[in-house]
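Here is how the chains run, residue by residue.
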Amino acid sequence: MHWQRVRAIVRKDLTAVRRSRPVLVPLVVLPLIFFVAMPVGFALMGRFLSEAPDSELEPLIRALPPSDRAQLERLEPGQQIAVVLLSYQFAPLMLIVPLAVATAIAADSLAGERERRTLEALLATPIRDEELFFGKVLAAALPAIAIGWLGTFVEVLVAIAVTGVGPPLLPSVPLLILALLGVPGVAFLGLGTVVLISARVRGFQEVMQLSGLLAMPLIGVMVAQASGLFLIDWRLALLGCVVVWATAFGILRAGRRLFQREALLRLG
Amino acid sequence: MTSHVRDPVATDDAKLQLPQRWSAEPCPQTSGRGSLIEGYLEQVDEKRRCGSLQFGGIDPVATDTPVIVVDRLERRFGQTVALAGISFQVAAGEIVGLLGHNGAGKTTTIRLVLGLLAPHGGTVRVFGFEPMVDGERIRQRTGVVGESLGLDERLTARELLQVFADLYDVPRAVQAQRIAALLEQFGLAEVADRRVATYSAGMRQRLALARCLLHDPELLLLDEPTATLDPVAAHHVRELIAERRREGRTILLATHNLDEAERLCDRVVILERGRVLVEGHPQELAAALGVPAQLAVEVEPELIDIAIDVLTRRSLAAWAEPEPGRIIVERMTRRQVPDVVAALVGAGVPVYGVMLRTPSLEDVYLALHQRTERR
């Protein structure tokens, strides 16, 4: 592996993304919504709904692990609402950000590159297929993971500042597991899916639309939690991360097999 | 002048290495249509049924190891046959034009030479390597300007060259210096830090050429390098290509610009529907194929009918041009010119001027193309 070549691909893709408004706008807007506006909103909601009926909060609190439940019961009702929403119920939703960032950059870097007819020039250089693949994967994964981790850190700080609640409830253990393991997992899953879709589909927009379906399972988990079906604890969070990593690994392997000069050129 | 032809039924390398001599004199047996080129092309047809003709250019026996050896190369895309067994060679330091209409197989050939596509039959060797096995080594020594330039418009010229310098393994220590030199040489130094999106077509083409020279390659593959340019920009790019040739680089130039091929190339390989139609030096090709010259004769306008009558009686095809007093005599050779002038003067027709128009590559190409169209 020639790291100079891999770094060149990463540098090129990231410079190009930085200057591409259609790609850059969601990369800025989504983190603001999920990592700043959402925690502030939930914290304020907790304050305004401090008189929330027990019938609504009770099933959620009952679903918590006993140790967390005991600590939560010592908080004000408003704080309880904010913590349940931020640390448990909506925790998986923050994974949408690294997922979206990874898919947007990967779609621009693969399908977009083909659409702009700039891929063949790269293929005409001595770079090996695996170096190009690795460069493209890193170019999408690194900013997605960085934004995911940094965003979670900001989210937790904002939430602590607004609610006045700190560890171990905010951030909770499931939230930390999702941040540390789930963020890179969904980033790789997202970009792996884009690699697979890009092998079949030509345009950037088509790839973006199809890869958008990846957010559906995350929304499904959130809805299931809201309906009281379950509330994520550290075991579920860990299991979810293992499933995501295993799927991402499988998809990336399949994507690597499809990522060959001739196949890339034929579709272009 | 002598010409070479490969044995069309040769199926082994030994035969390909031993070209037979083939007379380049126009065919003595003209076809029913009575044209020299028709008769000649019928011979050409027979000879190239399975192989290709080679006129003029380098003798494969005499050449040191050729940089590119393409032998009965085939490639299909689904049911479409892109290349149907083409063969040609490019010697070190040569500039060879790959000519043909859109879809003739030029770009496919370049992609196969680079190892971007796998052949479905035949072989390619570049620097002695097989592109599908040693593509990396070949691309290391080859600079490419593709049909689409492949310049990311969001980068500046300097950024783009830095990226490609890394991809071509140009040592970091010399990158800045080499990039600055190329930007200067290609007239882009002033705009090096502007995004490519703001560049004109000519500037982009120059940048693509600069990019393909970053690693100081021995071989250049240029696919339609002036196709989208205005005449001034195209002229500039042609000059840059000619300079690269003077530096001793080997160049394979795919183009459908016949004038460009005639000016720049040592030899041309004319492709038609995935086959090599003919191959040779542009000038020698015209002569060998018997593409006739035209003689423009300027006579007294009032005597033009007499002049045409005199020439027709000498079995020459002559016709009056719209310009008063100008006659065109078809299928002329240089040797016939004094006879024509003498005949006219002898018949009392004053001759004010004569000009022999030698056939261009375009004439050759059109003649070949018309022939294949008729079949």
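Fair warning: this is a prediction, and the values are worked out from it, not measured in the lab.

**Q** Can you help me understand the packing of aromatic side chains in this one?
**A** What describes a pair of aromatic rings is the distance from one ring centre to the other and the angle between the planes of the rings. Inspection of every chain in the model, using the stated rule, returns four aromatic pairs over all chains. With a centroid separation of 5.6 Å and an interplanar angle of 70°, the aromatic rings of tryptophan 3 of chain A and phenylalanine 134 of chain A are classed as edge-to-face. Of this pair, tryptophan 3 of chain A sits in helix H1 (residues 3–18) while phenylalanine 134 of chain A sits in helix H8 (residues 129–163), and the two are 131 residues apart along the sequence. For tryptophan 3 of chain A, a relative accessible area of 44% puts it in the partly exposed group. The ring of phenylalanine 127 of chain B is capped by arginine 141 of chain B, whose NZ or CZ atom sits 3.9 Å from the centre of that ring.

**Q** Would you explain the layout of surface pockets in this entry?
**A** Left-over empty space is what a probe sized like a water molecule reveals as it rolls over the atoms. Quantified by volume, the second largest pocket comes out at close to 570 Å³. What lines the second largest pocket is a set of 28 residues, and nearest its centre among them are Arg117 and Glu120 of chain A together with Thr107, Arg111 and Glu147 of chain B. For the lining of the second largest pocket, the secondary structure elements donating two or more residues are helix H6 (96–115), helix H7 (119–123) and helix H13 (261–267) of chain A together with strand E5 (80–90) and helix H3 (106–114) of chain B. Considering every element that reaches the lining of the second largest pocket, the biggest residue donor is H3 of chain B, with four residues. Among the residues making up the lining of the second largest pocket, the classes are represented as nine nonpolar, 10 polar and nine charged.

**Q** Help me understand the interface of chain A and chain B, please; the structure alone is not making it clear to me.
**A** Frequently, the measure chosen for interface size is the accessible area removed from exposure when the parts meet. Taken together, the 28 residues of chain A in the interface contact 33 residues of chain B. Around 2800 Å² of area is buried between chain A and chain B when both sides are counted, 53% of it from carbon and sulfur atoms. Broken down residue by residue, the surface that chain A buries against chain B is led by Gln4, Arg19 and Pro126 of chain A, which jointly contribute 23%. Taken together, chain A and chain B are joined by nine salt bridges. A salt bridge links arginine 11 of chain A to aspartate 166 of chain B; its shortest N-O distance comes to 3.0 Å. Taken together, the links from chain A to chain B amount to 14 residue pairs in polar contact (both at pLDDT 80 or more). For the side of chain A that touches chain B, the element with the highest residue contribution is H1 of chain A, accounting for eight residues.

**Q** Can you help me understand the confidence of the model for chain B in this one?
**A** Interpretation of this model should avoid reading the predicted coordinates in detail wherever pLDDT is low. All names here are of chain B. Mean pLDDT over chain B stands at 80; residues scoring 70 or higher make up 80%. Counting interchain partners and residues more than four positions distant, the pLDDT-below-50 stretch residues 1–37 has 93 contacts. This model gives residues 47–63 a pLDDT under 50, and the stretch forms 67 contacts once residues within four places in sequence are excluded.

**Q** How should a nonpolar patch on the surface be read in this particular structure?
**A** Residue and element names in this part refer to chain A. A contiguous nonpolar patch, built from Leu24, Val25, Val28, Val29, Leu32, Ile33, Val36, Leu150, Phe153, Val154 and Leu157 and spanning about 900 Å² of accessible area, is present on the exposed surface. Contributions of two or more residues to the nonpolar patch are made by helix H2 (21–48) and H8. Among the elements that line the nonpolar patch, the one with the most residues is H2, at seven residues. Here leucine 157 lies in helix H8. Residue classification places leucine 157 among the partly exposed residues on the basis of a relative accessible area of 46%.

**Q** Please explain the environment of glutamate 239 of chain B as it appears in this structure.
**A** You can see glutamate 239 of chain B is positioned in helix H8 (residues 231–246). Linking glutamate 239 of chain B and leucine 264 of chain B, residues 25 residues apart in sequence, is a C-alpha distance of 9.1 Å.

**Q** What exactly am I supposed to notice about the packing of H6 of chain A against helix H9 (residues 173–198) of chain A here?
**A** Packed helices, taken two at a time, are described by the angle their axes make and the gap between the axes. Residues and elements named next belong to chain A. For the pair H6 and H9, the least separation of the axes is 8 Å and the interaxial angle reads 25°. As judged from the angle between their axes, H6 and H9 are roughly parallel. The chirality of how H6 crosses H9 is right-handed. Packed against H6, whose contacting residues are Pro98, Leu99, Ala102, Thr103, Ala106, Ala107, Leu110, Ala111 and Arg114, the element H9 presents Val183, Val186, Ala187, Gly190, Leu191, Val194, Val195 and Ser198 at the interface. Split by residue class, the contact of H6 with H9 holds 13 nonpolar, three polar and one charged.

Cut-off values and rules
- Residues numbered from 1 in each chain as written.
- Chains lettered and ligands numbered in written order.
- Predicted model: local features only at pLDDT ≥ 70, side-chain atom pairs only at ≥ 80, totals over all residues.
- Heavy atoms only, no water.
- Phe/Tyr/Trp six-rings, centres within 6.5 Å; stacked < 30°, edge-to-face > 60°.
- Helix = DSSP H or I, 4+ residues; strand = E, 2+ residues; numbered from the N terminus.
- Buried < 20%, exposed > 50% of the residue type's maximum accessible area, 1.4 Å probe, protein only.
- Lys NZ or Arg CZ within 6 Å of the ring centre and 35° of its normal.
- 1 Å grid on protein atoms, 1.4 Å probe; cavity = no way out; pocket = protein on both sides within 12 Å on 5 of 7 lines; lining within 4 Å.
- Points joined across faces, edges and corners; volume = space filled by probe spheres on them.
- Nonpolar A, V, L, I, M, F, W, Y, C, P; charged D, E, K, R; others polar.
- Contact = heavy atoms within 4.5 Å.
- Buried area = accessible area lost by both parts, 1.4 Å probe.
- Salt bridge = Lys/Arg side-chain N within 4 Å of Asp/Glu carboxyl O.
- Polar contact = N/O pair within 3.5 Å; in protein donor to acceptor, adjacent residues only side chain to side chain.
- pLDDT = per-residue confidence, 0-100.
- Patch = residues over 30% accessible without salt bridge, like charges linked within 9 Å, V, L, I, M, F, W, Y side chains within 5 Å.
- Areas by Shrake-Rupley, 256 points an atom, 1.4 Å probe, with all protein chains shown as cover.
- Axes fitted to C-alpha atoms, helices over the stretch in contact; angles between N-to-C directions.
- Parallel < 35°, antiparallel > 145°, perpendicular 65-115°, else oblique.
- Left-handed = near helix turned anticlockwise from the far one by under 90°.

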